[in-house]
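Now for the letters of each chain:
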Amino acid sequence: MEIKRPGVAGTMESSDIIVRIEPKETEGIELTLESAVMQQYGKQIEKVIRETLEELGVTKAYVNAVDKGALDCTVAARTLAAAYRSAESTEYVWSEVKVK
Amino acid sequence: MSEFDYNSIPHINEVSACHGVYDEKNLWQKDPISFDERQQHSKKVLPSLEEAIRRVGLKDGMTISFHHHFRNGDYVVNMVMDVIAKMGIKGLTLAASSLTDCHWPLIDHIKNGVIKHIETSGLRGKLGDAVSHGLMDFPVIFRSHGGRAAAIETGELHIDVAFLGAPSCDPYGNANGYNRDSEEGSCCGSLGYAKLDALYADKCIIITDHLVSFPNTPFGIPESQVDYVVKVDNIGDPNGIMSGATRFTKNPKELLIAQYATKAIVASGYFKNNFSMQMGSGGASLAVARYLREYMLEQDIKCRFALGGITGQIVQMHEEGLVKKILDVQSFDLIAANSVKNNRFHEQIDASYYASYVNKGAAVNQLDFVILSALEVDTEFNVNVMTGSDGVIRGAVGGHPDTAAGASMTIVVCPLLRGRIPTVCSKVNTICTPGKTVDVVVTDQGIAVNPARPELYEKFVEAGLPLTTIEKLRDRAERIAGTPEPIKYTDRIVGVLMYRDNSVIDVIRQVAD
């Protein structure tokens with residue numbers, strides 16, 4: 001999946017996460033994460049975001065995420081939605097969403 | 001009058017409180033001016049805090065105290081500390097009944113050496129954060145309300161000067177948590193924590209914004225315990241003093257927890273005529289009061305007394321005749337505060353009467369049940385109400401361990417998860433209340449009964465309550481949220497948790513950055 005323009009999904013509400021994805025010219029995912037539960041779950045959130053992008057085949061992107069205590073399923077869903085919006089794609093393949 | 005020889009009176013030397021022969025020269029000088037003129041010139045009323053501090057002889061290294069009845073609206077602590085700092089006094093122990101968010105300016109006084117040590121029930125906000133990050137050399141001592149009262153009564157916590165804010169006071173020091181002479185100004189209701197400080201402190205200064213005519217009765221603090229009175233413009237922000245304690249929750253999780261807890265109470269065997277209770281001010285606790293009221297009306301059951309921090313909910317039940325008497329150490333909202341003023345059987349009690357373990361009888365020991373909250377509960381039923389999930393100090397012990405120990409049934413209500421953070425865990429960050437005194441944990445996803453109380457378990461089974469075990473609750477929380485990484489601490493101890501008998505039950509360490 002190719003990231004063409006900035007795409008955002010999620011909110012700043014408690015138990016949600018807002019994920020913003022932007023195009024990047026070089027290979028690699030550059031992720032910045034802020035979280036209300038950084039200490040306890042920071043690594044896990046980063047892992048879920050990276051794995052979700054990997055499943056979509058996204059290899060070049062800037063990702064900025066602000067987490068307010070979202071569960072893994074929410075983190076994956078918001079990442080997925082942001083990626084589709086960035087790729088200007090509406091051909092959703094829901095089966096791509098692995099049950100966490 | 002007969003002539004007598006003092007020394008010939010039999011046994012006169014064995015009579016105590018006998019100060020020799022009457023002498024006219026020692027006679028009290030009569031003051032012929034009217035009472036009203038006289039009170040205008042009361043020698044207790046001083047023009048400034050600075051003058052009062054000088055008169056009481058506050059010196060380096062002494063212990064000063066404050067109450068927390070103004071909660072987050074308090075101006076008194078910061079006002080007094082600023083004056084003390086300007087006067088150049090250093091190395092003080094600040095022994096407050098509790099401290100909250102608005103007391104962050106203390107950080108500078110700590111850095112400048114004005115405050116050397118703090119004793120309190122809790123810390124929050126920037127101050128709690130700074131202490132958790134190693135602000136103080138001397139660890140903060142956290143005591144429960146009962147533990148603090150006991151320490152004061154035994155003299156182990158000796159207060160040199162108490163600075164006590166009061167919404168009304170007369171020129172001789174009769175102070176109260178409300179103003180009977182007008183409706184304006186701040187109002188905090190009970191002065192429960194201040195009462196004990198006034199009684200035991202060497203010197204007591206009342207700081208008020210409403211100087212009313214003598215006698216300011218009925219009073220929370222009598223003039224006999226007060227050295228000086230200082231009138232200031234404002235002792236607090238009325239909105240902060242009564243910051244949103246009473247709220248009718250719409251949170252479905254809290255309502256569900258409240259329904260479960262209410263059913264547990266009704267099924268427990270303690271719900272019968274003349275029962276006694278204490279409820280907290282959290283959303284779920286308040287909802288329990290609302291649901292329990294329905295059962296009381298339906299089954300024609302009355303509560304003999306409600307204890308503790310009192311809310312408008314309890315007052316409403318009192319005014320309806322459902323709760324016969326209220327024992328109030330701290331009024332949580334304006335309805336409760338006004339009720340202290342208006343209802344004869346809404347009694348303000350001091351912290352010792354409430355919860356001390358050393359006096360001749362504390363009210364917590366007469367509780368059938370208490371509803372308590374928790375930041376964390378572990379599989380041993382230990383409760384943390386002090387440190388957040390990041391290990392930072394952001395709470396208060398309050399009367400938690402006191403009521404848990406005293407009540408026949410201690411119910412802890414909490415959501416299984418707060419955001420992503422599990423509430424039920426394997427080991428709490430900080431033990432405030434030992435699991436041996438906690439009987440029931442009610443979450444939105446089931447009720448766990450302490451195995452030490454099999455008879456309660458049986459009653460709940462009969463009532464068809466959603467029972468589970470504490471281990472299953474923990475497993476469920478971790479399955480949903482994932483296992484959190486442990487908090488990183490340094491070895492340095494920044495806080496010491498005293499159990500209500502003033503033995504060390506746990507320590508709080510500095511968080512690693």
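Residues numbered from 1 in each chain as written. Chains lettered and ligands numbered in written order. Predicted model: local features only at pLDDT ≥ 70, side-chain atom pairs only at ≥ 80, totals over all residues.

Chemist: Can you break down the overall build of chain B residue by residue, with the values?
Modeler: Across its full length, chain B holds 16 helices and 28 strands. Relative to a compact globule of 513 residues, whose C-alpha radius of gyration would be 24 Å, chain B shows 25 Å and is just as compact. Across its three principal axes, chain B shows a C-alpha extent of roughly 90 × 55 × 50 Å. The buried share of chain B, reckoned over its 513 residues, is 54%. Counting only contacts in chain B whose residues sit at least 6 apart along the sequence, the fraction spanning at least 24 positions is 73%. (Helix = DSSP H or I, 4+ residues; strand = E, 2+ residues; numbered from the N terminus. Rg over C-alpha atoms; globule rule 2.2 N^0.38 Å. Buried ≥ 20, exposed ≤ 12 C-beta atoms within 10 Å, placed from the backbone. Contact = placed C-beta atoms within 7 Å.)

Chemist: Describe the overall build of chain A, with residues and values.
Modeler: In terms of regular secondary structure, chain A is built from 2 helices and 4 strands. When its helices and strands are written in sequence order, chain A yields β-β-β-α-β-α. For 100 residues, the compact-globule formula gives about 13 Å, and the C-alpha radius of gyration of chain A, at 12 Å, lands near that figure. Over its C-alpha atoms, taken along the principal directions, chain A stretches across nearly 30 × 30 × 20 Å. Counting all 100 residues of chain A, 39% fall into the buried class. Looking at chain A alone, contacts between residues at least 24 apart form 76% of all its contacts between residues at least 6 apart.

Chemist: Go over the confidence of the model for chain B with me, naming the residues and quoting the values.
Modeler: Any residue range with low pLDDT should be treated as having predicted coordinates unsuitable for detailed reading. Residues with a pLDDT of 70 or more make up 99% of chain B, whose mean pLDDT is 95. This complex was scored by the predictor with a pTM of 0.93 and an ipTM of 0.85. (pLDDT = per-residue confidence, 0-100.)

Chemist: Please give an account of the interface of chain B and chain A that cites residues and values.
Modeler: Between chain B and chain A, the residue contacts involve 11 residues of the former and 14 residues of the latter. Of the residues belonging to the side of chain B that touches chain A, the class tally is 5 nonpolar, 3 polar and 3 charged. (Nonpolar A, V, L, I, M, F, W, Y, C, P; charged D, E, K, R; others polar.)

Chemist: Describe the domain arrangement of chain B, with residues and values.
Modeler: All names here are of chain B. Assigned domains within chain B: domain 1 (41–241) and domain 2 (252–493 + 507–511). With centres defined by C-alpha atoms, the gap from domain 1 to domain 2 works out at 28 Å. At the interface, 36 residues of domain 1 touch 40 residues of domain 2. Mapped by element, the contributors of at least two residues to the side of domain 1 that touches domain 2 are strand 5 (122–123), helix 5 (125–132), helix 6 (145–153) and helix 7 (192–200). The dominant element in the side of domain 1 that touches domain 2, judged by the number of residues it contributes, is helix 6, at 6 residues. (Domains from an automatic or database assignment.)

Chemist: Describe the sheet that holds strand 4 (residues 115–120) of chain B, and please don't skip the residues or the numbers.
Modeler: Strand pairing in a sheet relies on backbone hydrogen bonds, with the paired strands running either antiparallel or parallel. Residues and elements named next belong to chain B. Strand order in the open sheet made by the 10 strands is 1-11-10-7-2-3-4-6-27-28, with mixed pairing throughout. Of all the strands in the sheet, just strand 1 (45–46) and strand 28 (504–511) have a single pairing partner and so form its edges. With 2 bridges joining them, strand 4 and strand 6 (residues 140–142) adopt parallel strand pairing. Residue pairing in the sheet places Thr-120 in a bridge with Phe-142 of strand 6. Where helix 2 (residues 49–56) meets the sheet, its contacts fall on strand 1, strand 7 (161–166), strand 10 (203–208) and strand 11 (228–231), and the angle it forms with strand 11 comes to roughly 165°. Packed on one face of the sheet, helix 5 meets strand 6, strand 27 (489–498) and strand 28 and runs near 125° to strand 27. (Pairing = 2+ DSSP bridges. Axes fitted to C-alpha atoms, helices over the stretch in contact; angles between N-to-C directions.)

Chemist: Outline helix 16 (residues 470–481) of chain B, supporting the account with residue identities and numerical values.
Modeler: Residue and element names in this part refer to chain B. When the terminal C-alpha atoms of helix 16 are compared, their 17 Å separation across 12 residues agrees well with the 16 Å that a helix rising 1.5 Å per residue should span. Taken together, the buried positions of helix 16 are occupied by Ile-470, Leu-473, Arg-474, Ala-477 and Ala-481. Viewed end-on, helix 16 has its buried residues packed into an arc of 100°, placing them on one side of the element. Set apart from the buried face of helix 16 by more than 90 degrees, the exposed residues are Glu-471 and Arg-479. The secondary structure elements touched by the buried residues of helix 16 are strand 21 (417–418), strand 22 (421–422), strand 23 (424–425), strand 24 (440–443), strand 25 (446–449) and strand 26 (467–468). (Expected span 1.5 Å × (residues − 1). Arc of directions from axis to C-beta.)

Chemist: Outline unusual backbone geometry, supporting the account with residue identities and numerical values.
Modeler: Across the chain, the bulk of peptide bonds are trans and the bulk of non-glycine residues have phi less than zero. Residues and elements named next belong to chain B. Omega for the peptide link from Phe-214 to Pro-215 comes to -5°, which places this bond in the cis form. Residue position: Pro-215 is located in the loop between strand 10 and strand 11. Going from Thr-217 to Pro-218, the amide bond is cis rather than trans, its omega being -15°. The residue Pro-218 is located in the loop between strand 10 and strand 11 in this model. In this structure, His-11 takes a positive phi of about 60° despite not being glycine. Among the residues examined, His-11 registers 6 C-beta atoms within 10 Å and is labelled exposed. Even without a glycine there, the phi angle at Asn-274 is positive, about 70°. Residue class for Asn-274 comes out exposed when judged on the 11 C-beta atoms lying within 10 Å of it.

Chemist: Tell me about the nonpolar core, and name the residues and values.
Modeler: Residue and element names in this part refer to chain B. The biggest cluster of nonpolar side chains holds 190 residues, and the ones touching the most others in it are Leu-164, Ile-206, Ala-261 and Ile-411. Two domains each provide a minimum of three residues to this core, namely domain 1 (41–241) and domain 2 (252–493 + 507–511). If near-sequence neighbours (up to four positions away) are discounted, Ile-206 is found in contact with Leu-164, Ala-166, Cys-169, Gly-173, Ala-175, Ile-221, Val-226 and Val-229. (Core = buried A, V, L, I, M, F, W, Y, C linked by C-beta atoms within 7 Å.)

Chemist: Which residues make up helix 5 of chain B, and what values do they have?
Modeler: Since one α-helical turn is 3.6 residues long, residues separated by three or four positions face the same way. All names here are of chain B. If you check which residues of helix 5 are buried, you get Leu-127, Gly-128, Ala-130, Val-131 and Ser-132. Against the buried residues of helix 5 lie helix 4 (106–111), strand 5, strand 6, strand 27 and strand 28. Trailing helix 5 by a residue or two, Gly-134 shows a phi angle of about 95°, which is positive.

Chemist: Outline the sheet that holds strand 1 (residues 7–9) of chain A, supporting the account with residue identities and numerical values.
Modeler: Residue and element names in this part refer to chain A. Taken in spatial order, the 4 strands line up as 1-2-4-3 in an open sheet, and their pairing is mixed. The open sheet has two edge strands with one neighbour each: strand 1 and strand 3 (28–35). For this sheet, the mean inter-axis angle between neighbouring strands, taken without regard to orientation, is 10°. Looking at chain direction, strand 2 (residues 17–22) and strand 4 (residues 60–67) are connected through 6 bridges and run antiparallel. Its bridge partner lying in strand 4, Arg-20 is registered against Asn-64. Docked against the sheet, helix 1 (residues 38–56) engages strand 3 and strand 4, running at close to 150° with respect to strand 3.

Chemist: I'd love a proper account of the packing of helix 1 of chain A against helix 2 (residues 72–86) of chain A, names of residues and values included.
Modeler: All names here are of chain A. One can describe the packing of helix 1 onto helix 2 by two numbers: an axis separation of 9 Å at closest approach and a directional angle of 40°. By the angle between their axes, helix 1 is oblique relative to helix 2. Considering only the axes of helix 1 and helix 2, their crossing is right-handed. On the side of helix 1, the interface is formed by Ile-45, Val-48, Ile-49, Thr-52, Leu-53 and Leu-56, while helix 2 contributes Asp-72, Val-75, Ala-76, Thr-79, Leu-80 and Ala-83. Split by residue class, the contact of helix 1 with helix 2 holds 9 nonpolar, 2 polar and 1 charged. (Parallel < 35°, antiparallel > 145°, perpendicular 65-115°, else oblique. Left-handed = near helix turned anticlockwise from the far one by under 90°.)

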